[in-house]
Amino acid sequence: MNAGIISTGHDYPEGILTNADLEKIVETSDDWITTRTGIKQRRKASEDEYTSQFAVRAAQRALESAGISPEEIEIIVCATTTPDQILPSTGCLIQKEIGAVNAAGMDVFAACSGFLYGITMVESMIRTGQIRYALVVGAEVLTKYVDYTDRSTCVIFGDGAGAAVLGPVEGDKGILATKIMSDGRYEEQLYAPGGGTKLGTTHDTIDNGEHFFKMKGNELFKVAVRSMAGISKEMLAKTGYTVDDVKMVIPHQANQRITDAVASRLKVPEEKVYSNIAEHGNTSSASIPIALDECIQEGKIVEGDLVLMTAFGGGVTWGGTLIRF
Ligand code: UT7
C-alpha cells in the first residue's frame, strides 16, 4: 500500500504587509518588487503571534477535513526554520495543543524544502506499516527573522502554515516517487549565523544583526532553478510519466521568475503551474502545503490527479515528490 496525502489545511496571520508599506520602510518600489519577484503582499504576524499558533490551526483543519482524530496520529513532523523557541521542538508544541497523545513530535530544519523532507520521511514509515497516520506541517514566522533595513530579503518573506495528514491509500494512488537532497557547500548563500553554539547570543551578535537571515539571492536563483527542474525530471523519469500526465505542478513559491524558469525547463504550460506568490510572498516551508490546500479547495486538484511538488531552500536543500490524489 502506498502512503498518500489524505487531507490538507492552512492558516496565516491576518496582518498584511503590502509593497506600498515596504516603500515606506526601505528604498524599494512596488514596481521593482512586482517585476523582480511577482510579490504584491505578504502576511505578517503581530508581535504576540508565533509559529505554533498557525501550525496548530492548519493541523486542526487538515485533521477535521480527514475525519481523523488527533489520537490516531503517530508522528508529527513540523518543518520550520523559525520555531517558537529552540527547545522543545515545535512538533511537540503542536502535539500538546491538538491533543495527539499517541504521537512523536519533532522538527525538521530544511528551510523551504522542509515540507517535502517531512513527506519523504513519513512516506516509508506508512508504506512499510510502521505507522498508520502522520501529520506533516510546514510553518513559519519569517518576518521575525527578517532585517527590515535589508531590502534584498525583507520584501520577499511572509508568514503562514500548511499541514497535511498522510496515511495508507489504495490502488494506484499515493506517493509514487519522492526524493530529498542537500549541498552544504552553499551554506552562506542563505543563512542566519547568530544564536547558535558557534557565535552564541551576545550583545555583539544582536548589535550586528547576526540573528537575521542573510541571502545572496542572485547566486541562489540559478541553483534553485537547476535543482527544482532537475529533481522534477528525475521524479517523472523514475515513474515513467511525462509532464502531459501531470495535472498540476506545485513549486516552492520563492520568486515568480524562478517558478517561470522551472516551468520553462520542464516545458509545462503556465496554467499547470500553481502560483500564489503575489498574495503570500515566500513562506519557506509553508509555501507548498498552503499552495496544495488552496488547489484542493479551489478544485484545481481532485481525486485521481497526478501532482508534482518541488522545493528548494537554504542549506541548500531541495526535493521532489510525485503523488496521485
Ligand atoms: O526560498 C528559497 C531561497 N531563496 C531564493 O531562492 C531566492 C532567489 N533569489 C531571488 O528571488 C532574487 O535574486 C531576489 C528577488 C532576491 C533579487 O532579485 P535579483 O533580480 O536577483 O536582483 P539582484 O540581487 O541582482 O539585485 C539587482 C539590483 C541591485 O542594485 P545594483 O547593485 O544593480 O545597483 C540591488 O541592490 O536590485 C537592487 N535591489 C533592490 N532594488 C529595489 C535589491 N533588492 C531591491 C529592492 N528594491 N527590494
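Bear in mind that the values here come from a model prediction, so they are computed numbers and not experimental data.

### Thoughts on the packing of aromatic side chains
If you walk through the whole model with that rule in mind, you get two aromatic pairs. When the centroid spacing of 5.6 Å and the interplanar angle of 15° are considered together, the rings of Tyr-145 and Phe-213 count as stacked. One end of the pair, Tyr-145, is in the loop between strand S6 (133–141) and helix H6 (151–154); the other, Phe-213, is in the loop between helix H7 (203–207) and strand S10 (214–215), with 68 residues separating them in the sequence. For Tyr-145, a relative accessible area of 28% translates into the label partly exposed. Assessed through its relative accessible area of 10%, Phe-213 is described here as buried. Aromatic pair Phe-157 and Phe-213: ring centres 6.1 Å apart, planes at 65°, arrangement edge-to-face.

### Considering the pairing of strand S4 (residues 73–79)
S4 sits mainly inside the fold: six of its seven residues count as buried. The sheet contact formed by S4 and S6 spans six bridges and is parallel. Within S6, the position partnered with Val-77 by the bridge is Val-136. Looking at chain direction, S4 and strand S5 (residues 104–108) are connected through five bridges and run parallel. What sits directly across from Ile-75, in S5, is Ala-104. The β-α-β motif built from S4, the intervening helix H4 (residues 90–98) and the parallel element S5 has right-handed crossover chirality.

### Comments concerning unusual backbone geometry
The omega angle of the peptide bond from Leu-87 to Pro-88 is -5°, so this bond is cis rather than trans. Counting through the fold element by element, Pro-88 comes out in the loop between S4 and H4. Cis geometry is adopted by the peptide bond preceding Val-316, which originates at Gly-315 and carries an omega value of -5°. Here Val-316 shows up in the loop between strand S12 (306–313) and strand S13 (317–324). At Lys-267, a residue that is not glycine, the phi angle is positive and equals roughly 60°. Here Lys-267 lies in the loop between helix H9 (256–266) and helix H10 (277–280). For Lys-267, a relative accessible area of 69% translates into the label exposed.

### What about the domain arrangement of the protein?
Each assigned domain of the protein is listed with its residue range as follows: domain 1 (2–172) and domain 2 (176–188 + 215–324). Each of domain 1 and domain 2 has a C-alpha centre, and the two are 16 Å apart. The interface is formed by 45 residues belonging to domain 1 together with 43 residues belonging to domain 2. When residues of domain 1 are sorted by the area they lose upon contact with domain 2, Cys-112, Leu-116 and Tyr-117 head the list and together hold 20% of the total. At the junction of domain 1 with domain 2, the criterion picks out one salt bridge. Arg-324 is the salt-bridge partner of Asp-172, the closest N and O atoms lying 3.8 Å from each other. Where domain 1 packs against domain 2, one counts 21 residue pairs in polar contact (both at pLDDT 80 or more). Contributions of two or more residues to the side of domain 1 that touches domain 2 are made by strand S1 (2–11), helix H2 (30–37), strand S3 (41–43), helix H5 (114–127), S6, H6 and strand S7 (159–169).

Conventions used here
Residues numbered from 1 in each chain as written. Predicted model: local features only at pLDDT ≥ 70, side-chain atom pairs only at ≥ 80, totals over all residues. Heavy atoms only, no water. Phe/Tyr/Trp six-rings, centres within 6.5 Å; stacked < 30°, edge-to-face > 60°. Helix = DSSP H or I, 4+ residues; strand = E, 2+ residues; numbered from the N terminus. Buried < 20%, exposed > 50% of the residue type's maximum accessible area, 1.4 Å probe, protein only. Pairing = 2+ DSSP bridges. Right-handed = clockwise from strand over helix to strand, strands pointing away. Domains from an automatic or database assignment. Contact = heavy atoms within 4.5 Å. Buried area = accessible area lost by both parts, 1.4 Å probe. Salt bridge = Lys/Arg side-chain N within 4 Å of Asp/Glu carboxyl O. Polar contact = N/O pair within 3.5 Å; in protein donor to acceptor, adjacent residues only side chain to side chain.

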